[in-house]
Amino acid sequence: MEDRRKLYFFYDEKDETVFSKMQPIYTMLEEKGFTIMSQPNEANAIISVGEDGTFLQALRKTGFRNDCLYAGVSVTDETSFYCDFHIDHADKALAEITHTEIEVRKYPTIHVTIDDETSFYCLNEFSLRSSIIKTFAVDVFIDDLYFETFRGDGLVVSTPTGSTAYNKSLRGAVVDPMLPCYQVSELASLNNNSYRTLGSPFILSGNRTLTLRIAPGDSSYPVMGMDNEALSIQHVERVQIQLSDKPIKTVKLKNNSFWEKVQRTFL
Ligand code: NAP
């Protein structure tokens, strides 16, 4: 019977230099009995070759599978949040990540539904931003509670691992990925006698649903982003966000915990 644990799919940005560096790794894996798949659907491990942006794309293009392992191979000297391996010494490590004794860590993702019609997952964040030089208004509901009306540039809803990305630039808190939750942060809210928002980022339990209702008749057509990709939908009335029941699985390595990465990157 075929060993189902040895099917690998590689996602990269089709860069010639990267390809030539990866070629010996593909050869080594094949010599060890691994199969390099041309499609991700059947793979047991999906390996992104590039930086965090490539890792986010690898997930999106392969459907945020939670029945396989994801791993990131960095190609630059910069540290990366989703890349646990470096291209110069990824060979042996990649051959080992599907061993049964390897420790797996799970990263929460959020599930976003637009007007009850379109839905998708995000690993970093969902963002909703004005597309014109005018503010737009959003009613914010937490479960059934009307919470506030936001007026400003937009809102960003981040996962724990996304808390070190866009959210951090908005002075949101850095959140431990072991906490099943998501965070809402504001982009330049108006706060005056007519409009009032909480004014600080807030963190919701994974059991809650966040609903954003864009004011009817508002013609500002906000831009929506799912991680590093813009949504092509222009007209939106209601966005629902929940913590998804599909965390993604990655490999847990020694000396590379989330907090070690935070320390290395920011301190
Ligand atoms: P990019 O604009 O080329 O790069 C954004 C930077 O964010 C890169 O340095 C990237 O790291 C880093 N990054 C991505 N995910 C991260 C994470 N979870 N923790 C810490 N840093 C992270 O776009 P990109 O590389 O495709 O990344 C997309 C992300 O950019 C979005 O999901 C959003 O979070 C972030 N973003 C931030 C701002 C802001 O801070 N003002 C505005 C828009 C978007 P690598 O160099 O390893 O790729």
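Residues numbered from 1 in each chain as written. Predicted model: local features only at pLDDT ≥ 70, side-chain atom pairs only at ≥ 80, totals over all residues. Heavy atoms only, no water.

1. Side note on the site of the ligand
- The full set close to the ligand counts 16 residues, and Ser-80, Glu-125, Thr-164, Ser-169 and Asn-228 are the nearest of them.
- Contact between the ligand and Gly-53: an oxygen atom at 3.3 Å from a main-chain N or O atom of the residue.
- In the model, an oxygen atom of the ligand is placed 3.1 Å from a nitrogen or oxygen of the Tyr-166 main chain.
- Starting from 820 Å² of accessible surface for the ligand in isolation, the protein chains cover 61%. (Near = heavy atom within 4 Å. Polar contact = N/O pair within 3.5 Å; in protein donor to acceptor, adjacent residues only side chain to side chain. Areas by Shrake-Rupley, 256 points an atom, 1.4 Å probe, with all protein chains shown as cover.)

2. Brief notes about the pattern of salt bridges
- What the rule picks out here adds up to 10 salt bridges.
- Across the pair Glu-103 and Lys-252 runs a salt bridge whose closest N-O atoms are separated by 3.7 Å. Of the two residues, Glu-103 is situated in the loop between helix 3 (91-96) and strand 6 (104-107) and Lys-252 in the loop between strand 18 (248-251) and helix 5 (258-266); the sequence distance between them amounts to 149 residues.
- Between Arg-238 and Asp-116 there is a salt bridge, and its shortest N-O distance comes to 2.9 Å. Pair noted here: Arg-238 is in strand 17 (residues 238-243) and Asp-116 is in the loop between strand 7 (110-114) and strand 8 (118-122), with a separation of 122 residues, a long-range link.
- Looking at Asp-116, the relative accessible area reads 55%, which means it is exposed.
- In the salt-bridge network here, residues are joined through shared partners; they are Asp-84, Arg-105 and Lys-261. (Salt bridge = Lys/Arg side-chain N within 4 Å of Asp/Glu carboxyl O. Helix = DSSP H or I, 4+ residues; strand = E, 2+ residues; numbered from the N terminus. Buried < 20%, exposed > 50% of the residue type's maximum accessible area, 1.4 Å probe, protein only.)

3. Observations regarding the pairing of strand 12 (residues 181-189)
- Burial analysis of strand 12 places 7 of its 9 residues in the buried class, the great majority of the element.
- Examined bridge by bridge, strand 11 (residues 145-158) and strand 12 share 6 bridges and lie antiparallel to one another. Along strand 12, the bridge assignment pairs Ser-158 with Gln-183.
- Pairing of strand 12 with strand 13 (residues 202-205), which is carried by 4 bridges, proceeds in the antiparallel orientation. Looking at the pairing, Gln-183 lines up with Ile-203 of strand 13. (Pairing = 2+ DSSP bridges.)

4. Focus on helix 1 (residues 16-31)
- Relative to the 22 Å expected for 16 residues at 1.5 Å per residue, helix 1 spans 23 Å between its end C-alpha atoms, a close match to the ideal helical length.
- In helix 1, a bend of some 35° at Met-22 exceeds every other bend along the element, and Pro-24, a proline, comes one to four places later.
- By the burial criterion, the buried members of helix 1 are Val-18, Met-22, Ile-25, Tyr-26, Met-28 and Leu-29.
- Near the N-terminus of helix 1, the side chain that reaches the backbone nitrogen of Thr-17, with its oxygen 2.9 Å away, is that of Asp-15. (Expected span 1.5 Å × (residues − 1). Bend = angle between axes of the 7 residues up to and from the residue.)

5. Observations concerning the domain arrangement of the chain
- When the domains of the chain are assigned, the result is domain 1 (2-107 + 247-266) and domain 2 (110-243).
- For domain 1 versus domain 2, the separation of C-alpha centres amounts to 30 Å.
- On the side of domain 2, 19 residues touch domain 1, which itself brings 17 residues to the contact.
- Taken over both partners, the interface formed by domain 1 and domain 2 buries close to 1400 Å², and the fraction arising from carbon and sulfur atoms is 63%.
- In terms of surface lost to domain 2, no three residues of domain 1 exceed Leu-56, Arg-60 and Phe-258, which account for 38% of the buried area on that side.
- At the surface where domain 1 touches domain 2, the tally comes to 2 salt bridges.
- Where Glu-229 meets Lys-61, a salt bridge forms, and the shortest distance between an N and an O atom there is 3.4 Å.
- Looking at the side of domain 1 that touches domain 2, the elements with two or more residues in it are helix 2 (52-61), strand 6 and helix 5.
- When residues of the side of domain 1 that touches domain 2 are assigned to their parent elements, the largest contribution, 7 residues, is made by helix 2. (Domains from an automatic or database assignment. Contact = heavy atoms within 4.5 Å. Buried area = accessible area lost by both parts, 1.4 Å probe.)

6. What about the nonpolar core?
- By size, the foremost hydrophobic cluster in this structure holds 28 residues, and its most contacted members are Phe-126, Leu-210, Leu-212 and Ile-241.
- Tallying contributions element by element places strand 10 (residues 136-142) first for this core, with 4 residues.
- With 22 residues, the next largest nonpolar core counts Met-22, Tyr-26, Leu-69 and Phe-85 among its residues. (Core = buried A, V, L, I, M, F, W, Y, C linked by side-chain atoms within 4.5 Å.)

7. Observations concerning the side chain of Thr-109
- The topology assignment puts Thr-109 in the loop between strand 6 and strand 7.
- Residue classification places Thr-109 among the buried positions, given a relative accessible area of 0%.
- Within polar-contact distance, the side chain of Thr-109 engages the side chain of Ser-244 at 2.6 Å.
- A distance of 2.9 Å separates a polar side-chain atom of Thr-109 from the backbone oxygen of Lys-246.
- Setting aside residues up to four positions removed in sequence, Thr-109 forms contacts with Phe-64, Tyr-121, Cys-122, Leu-123, Thr-159, Leu-243, Ser-244, Lys-246, Pro-247 and Ile-248.

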